[in-house]
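Architecture and fold: a report
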Amino acid sequence: MNAPVANRNFVAADLPEPGYGDLAHIPGMVKVRMPLWRTLKFLANPLGASRDLVAAHGRIFRRQDIGRWGVSLIGPEANEIVLFDRDKNFSSDLGWTPILELLFPRGLMLLDFEEHRMHRKTLSVAFKTEPMRHYFTQLQDGIARGLAPWPRGQSLKFYPAIKALTLDLAATSFLGVPWGPEAKAINKAFCDMVAASVAVIRKPLPFTAMKRGVDGRAFMSAYFAREIPLRRGREGKDIFTQVCNARDENDQLLGVQDIIDHMNFLMMAAHDTTTSSISSIVWCLAKNPQWQEQLRAEIAGIRARHGELSYETIGEMDVAERVFKEAMRLIPPVPSMPRRAIRDFTFQNHVVPAGTHVGINQMISHRLPEHWPDPEHFDADRFTPENSRGRHKYAWVPFGGGAHMCLGQHFAYMQVKLVLFALLEHHRIVAETPLGSVESDFTMFPIPKPKNGLPVRIEAL
């Protein structure tokens, strides 16, 4: 076994880069002359390709991504080993860096161990109870305003519509001000940054997706850099102002570059992953309209008991929470999570050497029939207390786990519940076109997105 490595952020030079020969004892993909073609084929249907790999090789297998060899681990036990990471065997930084280093460097997800702990603690001030109360009001007002002009009884492409709304909501909650004329450019910047994360050409050459992504990052970095001096030393309930004035354990303010890196990452998470999550929920509800009726009954109950939805009563939206969880089981907003092993480890009697690129696959773990009977069927009652009893803690991991559990998870729950309350109280959602399977209807990477924009009708009751 390799000697432990100190608790710090690593650089790739600290570790070997295991190749096919180093992983030959692990079942999986074989060498091919055109690995790029195999990568493109995988990206065309990652859920189907992952199913085939598990069926052929089991719950640990060798894989090749854009020419780099690594190992995939499947199942709750794998999720726990990698995400809880009791022995600090895995670097999140070195897992994500090959994908995101030019786009979201040093975001919270790309920090490790003690440095990650300190930054997470500093940033967590923005997600405490009082700020969350403020976000609730901002989100509630913004959702009502944003949904008002949506056409009723006519075809609406839901994905671009909710994407525009979540961008507006991110502006008010995260920045405390509405977007100005730069809103379209900001939306394009984030779209380009996310799309570049899975670009086959990894260098920012002219006219490539990576070049557009790098340009998007430069645009957003300049935007935040201009704003930071205006936020220092003043009070504000928005996330940006709080981050600009947050102090670490040594009573030091975050540096300007740290704030830029964190805000780029947080805004991406608030905008793109929330857009994906709400679109996935609406797809599930359009396909399973009986759950719309259950949500509507829950909303009516809250109205009868309290008159309106408030920060204190949103916790009563239990059906909405279960619907959210079941949709995230079927279509997790981050379909897989990469890490890099910083020392040897063993899984299912296979020794995986230090330096190996390791991935867990939520798409498949969330469909293992021993934990999720009839896994393609949408059933939010899987998440009732009685049905959840005895299920492995790491069987459901759409928000990660362990030290890197999504910092904004409760913010996401709140936003989703507010959208469902506003959207379904007096309306039903009807699909405009026949709905198929997750595989047929969604592009899964880098963040799940309905292929046709999800055309629906929002009909008054």
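Reading guide: rules and limits
- Residues numbered from 1 in each chain as written.
- Predicted model: local features only at pLDDT ≥ 70, side-chain atom pairs only at ≥ 80, totals over all residues.
- Heavy atoms only, no water.
- Patch = residues over 30% accessible without salt bridge, like charges linked within 9 Å, V, L, I, M, F, W, Y side chains within 5 Å.
- Areas by Shrake-Rupley, 256 points an atom, 1.4 Å probe, with all protein chains shown as cover.
- Salt bridge = Lys/Arg side-chain N within 4 Å of Asp/Glu carboxyl O.
- Helix = DSSP H or I, 4+ residues; strand = E, 2+ residues; numbered from the N terminus.
- Contact = heavy atoms within 4.5 Å.
- Buried < 20%, exposed > 50% of the residue type's maximum accessible area, 1.4 Å probe, protein only.
- Pairing = 2+ DSSP bridges.
- Axes fitted to C-alpha atoms, helices over the stretch in contact; angles between N-to-C directions.
- 1 Å grid on protein atoms, 1.4 Å probe; cavity = no way out; pocket = protein on both sides within 12 Å on 5 of 7 lines; lining within 4 Å.
- Points joined across faces, edges and corners; volume = space filled by probe spheres on them.
- Parallel < 35°, antiparallel > 145°, perpendicular 65-115°, else oblique.
- Nonpolar A, V, L, I, M, F, W, Y, C, P; charged D, E, K, R; others polar.
- Polar contact = N/O pair within 3.5 Å; in protein donor to acceptor, adjacent residues only side chain to side chain.
- pLDDT = per-residue confidence, 0-100.
- Disulfide = S-S within 2.5 Å.

Section: a nonpolar patch on the surface
Taken together, the side chains of M34, L36, W37 and L40 make up a nonpolar region of the molecular surface, amounting to roughly 460 Å² of accessible area. Within the fold, M34 resides in the segment before α1 (35–44).

Some details on the side chain of S276
Secondary-structure assignment places S276 in helix α11 (residues 256–287). The contacts of S276, once residues within four sequence positions are left out, are P333, I447 and P448.

Here's the deal with the environment of F104
Within the fold, F104 resides in the loop between α4 (92–100) and α5 (113–123). For F104, a relative accessible area of 1% corresponds to the buried category. Along the primary structure F104 and N264 are separated by 160 residues, whereas in three dimensions their C-alpha atoms are 6.7 Å apart. For F104, the contacting residues outside a window of four places in its chain are L110, M193, R217, N264, F265 and M268.

Considerations on the sheet that holds strand β12 (residues 455–460)
Neighbouring strands of a sheet are bound in pairs by backbone hydrogen bonds; such pairs are parallel or else antiparallel. Spatially, 3 strands are ordered β4-β12-β9 in an open sheet, and the strand pairing comes out antiparallel. Of all the strands in the sheet, the pair left with one neighbour each is β4 (155–157) and β9 (427–431). Strand-to-strand, the axes of this sheet are offset by a mean angle of 40 degrees, without reference to chain direction. Relative to β12, β9 is paired through 5 bridges, and the arrangement is antiparallel. By the bridge assignment, V430 is partnered in β12 with R457.

Here we look at empty space enclosed by the protein
Evaluated as defined, the whole model comprises 1 cavity of 30 Å³ or more. What the largest cavity holds in volume is close to 30 Å³. Lining the largest cavity are L139, T166, L169, A170, S173, F174, A270, F411 and Q415. Counting residues per element, the ones that place at least two in the lining of the largest cavity are α7 (158–175) and α16 (409–424).

Considering the packing of α1 against helix α2 (residues 46–57)
Viewed as axis vectors pointing N to C, α1 and α2 meet at an angle of 110 degrees, and their least axial separation amounts to 5 Å. Taken together, the axes of α1 and α2 are roughly perpendicular relative to one another. Contact residues: F42, L43 and A44 in α1; P46, A49 and S50 in α2. Here the residues of the contact of α1 with α2 are counted per class, giving 5 nonpolar, 1 polar and no charged.

Here we look at the pattern of salt bridges
Once the charged atoms of two side chains with opposite charge are near each other, the side chains can pair. For the coordinates displayed, the defined rule picks out 32 salt bridges. Ionic pairing is found between E249 and K121, a salt bridge with its closest N-O pair at 3.4 Å. You can see E249 sitting in the loop between α10 (239–245) and α11 and its partner K121 sitting in helix α5, a full 128 residues away along the chain. Accessibility expressed as a relative area gives 40% for E249, which makes it partly exposed. The residue E459 makes a salt bridge to R428 at a minimum N-O spacing of 3.7 Å. With E459 in strand β12 and R428 in strand β9, the pair connects residues that are 31 residues apart, well separated along the chain. With a relative accessible area of 21%, E459 lands in the partly exposed category. Members of the salt-bridge network, linked through shared partners, are R51, R367, E376 and E439.

Topic: the environment of R231
Its place among the elements puts R231 in helix α9 (residues 209–231). A sequence separation of 198 residues divides R231 from I429, and the C-alpha atoms of the two residues are 41 Å apart. Leaving out residues up to four positions away in the same chain, R231 has contacts with L175, V177, D238, F240, T241, C244 and N245. Within polar-contact distance, the side chain of R231 engages the backbone oxygen of L175 at 2.9 Å.

Here's the deal with the layout of surface pockets
If you add up the space inside the second largest pocket, you get close to 320 Å³. Along the wall of the second largest pocket there are 16 residues; nearest its centre are H392, K393, Y394, W396 and V397. Classifying every residue of the lining of the second largest pocket gives 7 nonpolar, 6 polar and 3 charged.

Remarks on the sheet that holds strand β1 (residues 60–65)
Spatial ordering of the open sheet is given by β1-β2-β8-β5-β3, a layout of 5 strands whose pairing is mixed. Either end of the sheet is taken by a strand with one partner, and the two such strands are β1 and β3 (90–91). For strand β5 (residues 336–341) and strand β8 (residues 357–361), the ladder comprises 5 bridges, and the chain directions are antiparallel. Looking at β8, one finds that R340 is bridged to H357.

Quick notes on the confidence of the model for the protein
With 97% of its residues at a pLDDT of 70 or more, the protein has an overall mean of 92. Throughout residues 1–8 the model reports pLDDT below 50, and contacts reaching past four residues in sequence, or to other chains, amount to 12 contacts.

Describing the state of the cysteines
For the structure on display, the rule yields 0 disulfides. With no disulfide of its own, C284 lies 19 Å from the sulfur of C406, the closest cysteine sulfur. With relative accessibility at 1%, the residue C284 sits in the buried group.

Some remarks on unusual backbone geometry
For the bond from F445 to P446, the omega torsion is 5 degrees, close enough to zero to count as cis. Mapped onto the secondary structure, P446 falls in the loop between β10 (442–443) and β11 (449–450). With a phi angle near 50 degrees, Q348 is a residue other than glycine that sits in the positive phi range. Checked against the element boundaries, Q348 lands in the loop between β6 (345–347) and β7 (350–352). Backbone geometry at L454 places phi at a positive 60 degrees, although glycine is not the residue there. Tracing the backbone shows L454 in the loop between β11 and β12. By relative accessible area, which is 2% here, L454 ends up buried.

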